[in-house]
Amino acid sequence: MSMNAGSGRGAPPTSADIGVLRAGWGYASITDKIADLVLTRPVRWPWLVAFFGTFLGTLVLLGAIGYLFVRGVGIFGVDIPVAWGFAIANVVWWIGIGHAGTFISAVLLLLRQKWRTSINRFAEAMTLFAVAMAGLFPILHLGRPWFFYWIAPYPDKMNLWPNWRSPLVWDFFAIAIYLTVSFLFWYVGLIPDLATLRDRATTRAKRFAYGVFALGWRGEARHWQRFEIAYLLLAGLATPLVVSVHSVISLDFAIGNTPGYHSTIFPPYFVAGALFSGFAMVLTLTIPLRRAFGLYDFITDVHLDHAGKVMLATGWLLAYGYACEIFVAFYSGDEFEISMTIDRWTGFYAPVYWAMMFCNVLVPQLLWFRRVRRNVVVLFALSLVVNLGMWMERVLIVVSSLHRDFLPSSWGLFIPTFWDWTILLGTLCAFAWLFLVFVRVLPSISISEMRLLVRESAERAS
Amino acid sequence: MSRHAGMQQDAKPRAPLWGWMAEFGTADALLDAARKAHDAGYRRAEAYSPFHVEGLAEALGSRRTHVPAIVFLGGLAGAVGGFFMQWYAAVVDYPINVGGRPLNSWPMFVPVTFELAVLGGALAAVLALLIGSGLPRITHPVFRAKDFDLATRNRFFLCLRSDDPAFEREGAARFLDSLEPMRRIEVPA
């Protein structure tokens, strides 16, 4: 290896099998494996098919948004009394999905969980793309979307300010800042890996592109020292942020006095549901990604097992939220709360309610079994069921509460239209498309953190 | 760029030097070498590694960073500024009497204040990292060293800079060789 002088003392370490990382990986091999997925791996047809398929869906989404802007929100199924339909349910659902990425990258970092290392990068990318999708919907559901910026405080000629006592204004701040901070956290973590890609790039164009975004990172000891502290503090800031974001979103509902909205359990119940659906989406993305890129040594059954356990725990928190809502409705003796609850069980939207219970409460009980948590096929199917169940929950909260409030004369129904479905499916395509671009352009796993894990696993073995 | 100019100068015995670099195969070897360099009086020595090596910056004589203090100030600025903005809007610039409720309804100002505190802290963390480290800086003399690209892959480098008061061309080279690196590399000025 070395040509002259000393040996550099000691052989470079090789990873031992620690469950979350398999044996036999060194600094060089793990770097090359992950970097080459981006730099040298040829484009294959399954990726191409998925890329163009979802790209088509993204174009349809853009077309549908264009049509929406021309025709107005009348193309949706919303009307009085159900003026909040899919668009609002979709915001809540997408933001919730994003929360798992922040939870993995920030909370598990503070808790020193080693299984975080190989999944945090793409989980954070998932967060960014999910929040980007979520951020579209509040604008899309506005009657006059070109005035959306009126919610921001800026020195306007009308001499107006946003209403600081409105949760919708809090929402604007929460979502915008969540997106910004998630991006900063993700980008800071990427800088050392961008430097690796710069130094291993095979063409000048790639070296230039990665080099610009690597900002000239050279791995100097003092830079690493600042990097570690800054990254840890960003995690510390992102942790309360992630809890606050879905809490604030839940206040959009809870502060209103509509039966079915007006509940103090909402903030924790929304956060638990967010983590539940977010971990489901992490599994939905992890399982195909691991297979496509052959990452079995980095993303092991232990990761799937842990994610399954988190889903089981958050699923129970959510079930507690459901039970609490029902209990409080009857315990309060409030006739509107009681009739809203009975309407959910037996009314027009009852099939959605019972399907939600099936998806979110009953099916996840399979996760008690270790064999299920380690069975890729069952786990993947289960993650899709939970995604669907959580989406139904968001729709149910938004729609069923509005369709029967206090006055029978103002009861009504919401039936989604073609455009409701098109825009929902369009955002799913755009989300998948962004993710497909991400896995080909940036390292899906944090390379520098994996090197550290190699060192730690070798030290633990010796 | 100057990469080619540097190569031509290599032929001359006394080409200007930015520093000497020693390459190691493990983090522990680099940590040990960094301690010895500091003990030998090199105060401007630099170390490069492909991941964060605990204690390496301290071994080179780095004291604690200011990042936490800056993040705290950033968060504080976000919180104070955020609360002030809402208070000013609701009490001074645009007071509206809503059913006799107090204008300074501070509990309702908490969410935005909190979110802006997080934003201030996060921006401060990123700026403290980048400005403190002198980044972005796309070009740097160490990138001219041969095979330095391995610093972001699997190798560990100790660099003695020629502007270090303790640096003396032959002496520094002898010192690095005594650390038994895999090899010693010239960093052209």
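Structure first, text after, so check above.
Residues numbered from 1 in each chain as written. Chains lettered and ligands numbered in written order. Predicted model: local features only at pLDDT ≥ 70, side-chain atom pairs only at ≥ 80, totals over all residues. Heavy atoms only, no water.

A word on the overall build of chain A
Under the convention used in this document: For helices the rule is a DSSP run of H or I covering at least 4 residues; for strands it is a run of E covering at least 2, with both sets numbered from the N terminus onward. Put simply, the radius of gyration uses C-alpha atoms, and a globule should come to 2.2 Å times the residue count raised to 0.38. The cut-offs for exposure are 20% and 50% of the maximum accessible area for each residue type, with area from a 1.4 Å probe on protein chains only; residues under the lower value are buried, those over the upper are exposed, and the others partly exposed.
Looking only at helices and strands, one finds 15 helices and zero strands in chain A. Taken over the C-alpha trace, chain A has a radius of gyration of 24 Å; the compact-globule value for 462 residues is 23 Å, and the two agree within 12%. Reported as C-alpha extents along the three principal axes, the dimensions of chain A are approximately 90 × 55 × 40 Å. In chain A, buried positions account for 59% of the 462 residues.

Thoughts on the sheet that holds strand 1 (residues 17–24) of chain B
Residues and elements named next belong to chain B. This is how the line gets drawn: Should DSSP find at least two bridges between two strands, the strands are taken to pair. Lines fitted to C-alpha atoms define the axes here, with helix axes fitted over just the stretch in contact, and angles between the N-to-C directions of these axes take values from 0 to 180 degrees.
Taken in spatial order, the four strands line up as 2-3-1-4 in an open sheet, and their pairing is antiparallel. Strands with a single pairing partner mark the edges of an open sheet, and in this sheet they are strand 2 (46–48) and strand 4 (183–188). With strand direction ignored, the average angle separating the axes of adjacent strands in the sheet is 25 degrees. Bridging between strand 1 and strand 4 involves six bridges; their strand directions are antiparallel. Within strand 4, the position partnered with Trp20 by the bridge is Glu186.

Here we look at helix 4 (residues 67–93) of chain B
Convention followed: In this scheme, a helix's expected span is set at 1.5 Å multiplied by one less than its residue total. In this analysis the local bend is the angle between axes fitted, respectively, to the seven residues ending at and the seven residues starting at the residue. In this description, contact between two residues means that some pair of their heavy atoms is separated by no more than 4.5 Å.
Over its 27 residues, helix 4 of chain B runs 36 Å from end to end, which matches the ideal 39 Å to within 8%, given 1.5 Å per residue. The axis of helix 4 of chain B is deflected most strongly, by about 25 degrees, at B:Trp87. Listed as buried for helix 4 of chain B are B:Val67, B:Val71, B:Gly74, B:Gly75, B:Gly78, B:Ala79, B:Gly82, B:Met85, B:Gln86, B:Ala89 and B:Ala90. Against helix 5 (167–200) and helix 7 (221–254) of chain A together with helix 5 (110–132) of chain B lie the buried residues of helix 4 of chain B.

Comments concerning the interface of chain B and chain A
Going by this rule: Defined here as a combined quantity, buried area equals the accessible surface (1.4 Å probe) lost by two parts on assembly, summed across both. A pairing counts as a salt bridge when a side-chain nitrogen of Lys or Arg comes within 4 Å of a carboxyl oxygen of Asp or Glu.
Residue-level contacts link 77 residues of chain B with 66 residues of chain A. Together chain B and chain A conceal approximately 6200 Å² of surface at their shared face, both sides included; 67% is due to carbon and sulfur atoms. If you look at where chain B meets chain A, you find two salt bridges. In this structure, the salt-bridge partner of B:Asp28 is A:Arg455, at a minimum N-O distance of 2.8 Å. Those elements that place two or more of their residues in the side of chain B that touches chain A are helix 2 (27–39), strand 2, helix 3 (56–59), helix 4 and helix 5 of chain B.

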